[in-house]
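# Tertiary structure, described
Chain residues, written in single-letter form:
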Amino acid sequence: MHRALRNLVALTLVLAGAACGPSDSDPSSTDGLDPDLVREYLLMHPEIVLDDAEVSDAIRKAHLRREQDRAAEERRSILKAYTDLLQSPLTPSSGGTGKDVTIIEFFDYQCAPCRASYPELQQVRATEPGVRYIFGQLPIYGSHSIMAARAAIAAHRQGLFKEFHHALMTTDSGLDMKVIFATAEKAGLDVEKLQADMRDPLVHQYLEEVRALAEALDVTGTPSFIIGDAKLSGGVRAGDLKMELDRQRAQIKRSPQH
Amino acid sequence: MVALVASAALMIALVIPSVGFAADPDPADYPALSTEQMGHVRHMINIANQLDGDFSMMGGGGFAAIYYMSFHAYQFQFAFAHYALASTHYHYTPAHRDLYQETSAKLIKRMIYKDVWDYWAHLSKFDLTDRTETETGEVMVTYTEDDWYGWIDPNIKKNIMYSGHLLQMIGLHESLFNDHRYDEQGSLTFRYAPVEYDQPPFEIEYDHNRLATVIYDQFVEDHFRGIECERNAVYAECNQHPILGLMSYDLKHGTKLSPEVRSKFKKVMQKRNYIDPETKTTMYFLKVKQDAVVPATYAWADGWNGHAQHVWDKEYIDSIYPYQQKRYIPSMLKGPPGENMGWTAPFDFGWFALLASEVGDKETVQLMTDYADANFSPTWVDGGLYYPSTPDYSYNFSRDENGFIQNVGPVTGNVLIGFSRINPADGLWHIYNRPFGPSHFANLHITDVDYLEASVTQAVFDSAKDALIVTLVPGPVESSNVSFTVRQLEPAKTYELIKDGKSLGNISAEGQLPSGTRWQDDGSLLITTALREQSSFIIKAI
């Protein structure tokens, strides 16, 4: 009976994980079993699965893996659909050309966890030069956040995004228009041009499109990171990002296109 | 003699404005949003502007507080914010469209986000009217094996507490903005990834026509006794929203669904005394299988049902309102300290205030909004005004040590009190019974006001005076100047631009334009102006 149960477990895992792609279970362990008969048996005795904690847990994990794979696939497809936006001249980016993994950060200049994560990201940028890093403006903390995002895109037009971004991420002052413009001036920006660009409907439209991308990716707050096809929500440490980068690289290596 | 001629000229100008001698329109003669009303409007727009999956400020308390049988649910907050903004646009800013049209679309988009409606996949399994209390006081919900499979589609069957609102929102969007985007197939796509059902993600496609048809067919199938909210429970107030939704649908689609539904609904429900002829109060709900009304005396039920039924049954609601007002006010507002007011306390206030505004009881509205200002911690955030939810609003219903209500739930604090303060007498009645006609959409109006830099407190086109009246106040972001665009000026006409009572010059296709104005490529006029305090603009044909 014990052996039969283990076989059933193995088959159940195979059935549950059928849509999961690569699985940890070993299909060879079902040799000699007729899947139709086992299925029929399981339908008649579902308590075998329900009452066994190990089997239940394995099924739950298989479900989770399938959901993660589905979500990753959906993210890949969304990112592909937004290629033009991600390559727009209005989109600030740094680092590699995209041959390695790409990180998109959705952030708000008034978001405390975004600011706390900033030095961690700087560390990753310094040690992972091949990674393409995209700055996704997602101002969700009110009017001055939106103005800061507009100003950042306007600064990008003057080629000084990196300086302005650093200054806003590290300022001790709460944001208002005086702080935003004083920061811009300190960063070497032409404030009059910056103000004009902040009113440009193209800049407003661009920010709407970034927001649409974030919503399509089911981003519900800041900071959020899209690393390859994975999503991390909330503040991060450099180690978290590196771990995910390694996972993504391993996944790329395993993929048939590689 | 000179005085006599001048006097006669003034008389002629007043009687026949088109002769050109009429006094300039006075902004004070047109409805304008007060500072507080504008604050409520901005708060509701701020909520619409949140990310789809961001429900900050919209209530907490976990799954139970927001989903199951919750009168604070997200869907009600979005829907009533939509109706409040509809009332604002119709009565105060009909000539300021883009902001309200975009916000309407955002609220509809938020409404069809999965977290707002996927409760139905779970709730549709249960008959919550079939409950028993154990000795320990637990409420057990019983269900049969057949009941275990609910409906994931939130519109297809029952759940009128969701689908009815969606229909009303879409109908308002179409009638207020002449925008038919929801007539397109698949324009309302519900996306669901039911991992727990071991199914792949799928989409359910709706549009205005399908939604109206599905709801109308249910009314017919249910013999007009109302569509159930959850299994076995018909609530009168929930069925008012699809009725209003069908009124808008009829208006734009040439159908006559709503007159049939509302007359038959009222007839069927009156037989069951859904509004008790003795107490003049609205039932709690109708148990369908038992065909039995559960009577009640709830301020929220009367307020919720009454404000909407007033749109199509004004005389009747006007006739019973005084009894309801007497029953609830002022005892709702003051009582013994520590008194347990019951589970409806966090939302009774809001829905009854809304009814008071719709029937035009200004005194009660004033009393209630003053009360809210004094007791509900009015809070300004980013230009928006609201009353934050009190801690444990779902469970703690006691009056404070002074005998005042201390429970505010999110639907009351985010939306309903503001709605009551904004909505004028017969506010919703006018929207449905005097809808915008084709001439409205051909009139002068403004667009492209930066929402961060300025609030539009009035924007009205007075067709009798051929004049557009606009008032702006500074927004939450300080700015040296703001701009707005005037659309649909007639090239053959000359207009005078007046700011705060002073003429800035004339506007015509050929002549020199006043300082701060310029024609744009699409024929619209851009006006840029300093805005350090409230300023009014009049653009009138001369």
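Residues numbered from 1 in each chain as written. Chains lettered and ligands numbered in written order. Predicted model: local features only at pLDDT ≥ 70, side-chain atom pairs only at ≥ 80, totals over all residues.

A common measure of how large an interface is: the accessible area buried when the components associate. All names here are of chain B. Each domain of chain B was delimited in the assignment, giving domain 1 (31-130 + 154-433) and domain 2 (447-541). Computed over C-alpha atoms, the centres of domain 1 and domain 2 are 36 Å apart. Across the boundary between the two partners, domain 1 contributes 15 residues, which contact 16 residues of domain 2. Mapped by element, the contributors of at least two residues to the side of domain 1 that touches domain 2 are helix H2 (35-49) and helix H5 (98-111). Of the residues contributing to the side of domain 1 that touches domain 2, the split by class is 8 nonpolar, 3 polar and 4 charged. (Domains from an automatic or database assignment. Contact = placed C-beta atoms within 7 Å. Helix = DSSP H or I, 4+ residues; strand = E, 2+ residues; numbered from the N terminus. Nonpolar A, V, L, I, M, F, W, Y, C, P; charged D, E, K, R; others polar.)

All names here are of chain B. Within strand S12 (residues 467-474), 6 of the 8 residues are buried, leaving the element largely enclosed by the surrounding structure. When strand S11 (residues 454-462) meets S12, the two strands line up antiparallel, connected through 8 bridges. Counted as the bridge partner of Ala459 is Val470 from S12. Linking S11 back to S12 in an antiparallel pair, the connection comprises 4 residues, with Asp466 at a positive phi of about 50°. Relative to strand S18 (residues 535-541), S12 runs antiparallel, the two being bridged by 6 bridges. Residue pairing in the sheet places Thr471 in a bridge with Ser536 of S18. (Buried ≥ 20, exposed ≤ 12 C-beta atoms within 10 Å, placed from the backbone. Pairing = 2+ DSSP bridges.)

Residue and element names in this part refer to chain B. Read across the open sheet, the 4 strands follow the order S10-S13-S17-S16; overall the sheet is antiparallel. One side of each edge strand has no neighbouring strand; the edge strands of this open sheet are strand S10 (445-447) and strand S16 (517-519). Here the strands of the sheet are splayed against their neighbours by 30° on average, with no regard to which way each runs. Taken together, the 3 bridges between S10 and strand S13 (residues 481-487) define a ladder with antiparallel strand orientation. The residue of S13 that forms the bridge with His445 is Arg487. (Axes fitted to C-alpha atoms, helices over the stretch in contact; angles between N-to-C directions.)

For the rest of this paragraph, the subject is the sheet that holds S11(B). Within a sheet, each strand pairs with its neighbour through backbone hydrogen bonds, oriented either parallel or antiparallel. Residue and element names in this part refer to chain B. Strand order in the open sheet made by the 5 strands is S11-S12-S18-S14-S15, with antiparallel pairing throughout. Where the open sheet ends on each side, the last strands, each with one partner, are S11 and strand S15 (502-507). Each strand axis lies, on average, 15° off the axis of its neighbour in the sheet, ignoring direction. Note: strand S14 (residues 495-499) against S18, 5 bridges, orientation antiparallel. Along S18, the bridge assignment pairs Tyr495 with Ala541.

Moving on, we get to the packing of helix H4 (residues 74-91) of chain B against helix H8 (residues 160-177) of chain B. Residues and elements named next belong to chain B. Packing of H4 against H8 leaves a shortest axis separation of 10 Å and a crossing angle of 25°. By the angle between their directions, the pair H4 and H8 is classed as roughly parallel. In this structure, H4 crosses over H8, and the sense of that crossing is left-handed. Counting all contacts with H4, which are made through Gln75, Ala79, His82, Ala86, His89 and Tyr90, the residues of H8 involved are Tyr162, His165, Met169, Leu172 and Leu176. For the contact of H4 with H8, the per-class residue count stands at 7 nonpolar, 4 polar and no charged. (Parallel < 35°, antiparallel > 145°, perpendicular 65-115°, else oblique. Left-handed = near helix turned anticlockwise from the far one by under 90°.)

Across the boundary between the two partners, chain B contributes 13 residues, which contact 16 residues of chain A. In terms of residue class, the side of chain B that touches chain A is made up of 6 nonpolar, 3 polar and 4 charged.

Let us now look at the packing of H5(B) against H8(B). Relative orientation and spacing of two packed helices are given, respectively, by the angle between their axes and the distance between those axes. Residue and element names in this part refer to chain B. For the pair H5 and H8, interaxial distance at closest approach is 10 Å and the crossing angle is 160°. In terms of orientation, H5 and H8 fall into the roughly antiparallel class. As H5 runs across H8, the sense of the crossing is left-handed. Residues Gln101, Ser104, Ala105, Leu107, Ile108 and Met111 of H5 form the contact with H8, whose participating residues are Leu166, Met169, Ile170, His173 and Phe177. Here the contact of H5 with H8 is built from residues that sort into 8 nonpolar, 3 polar and no charged.

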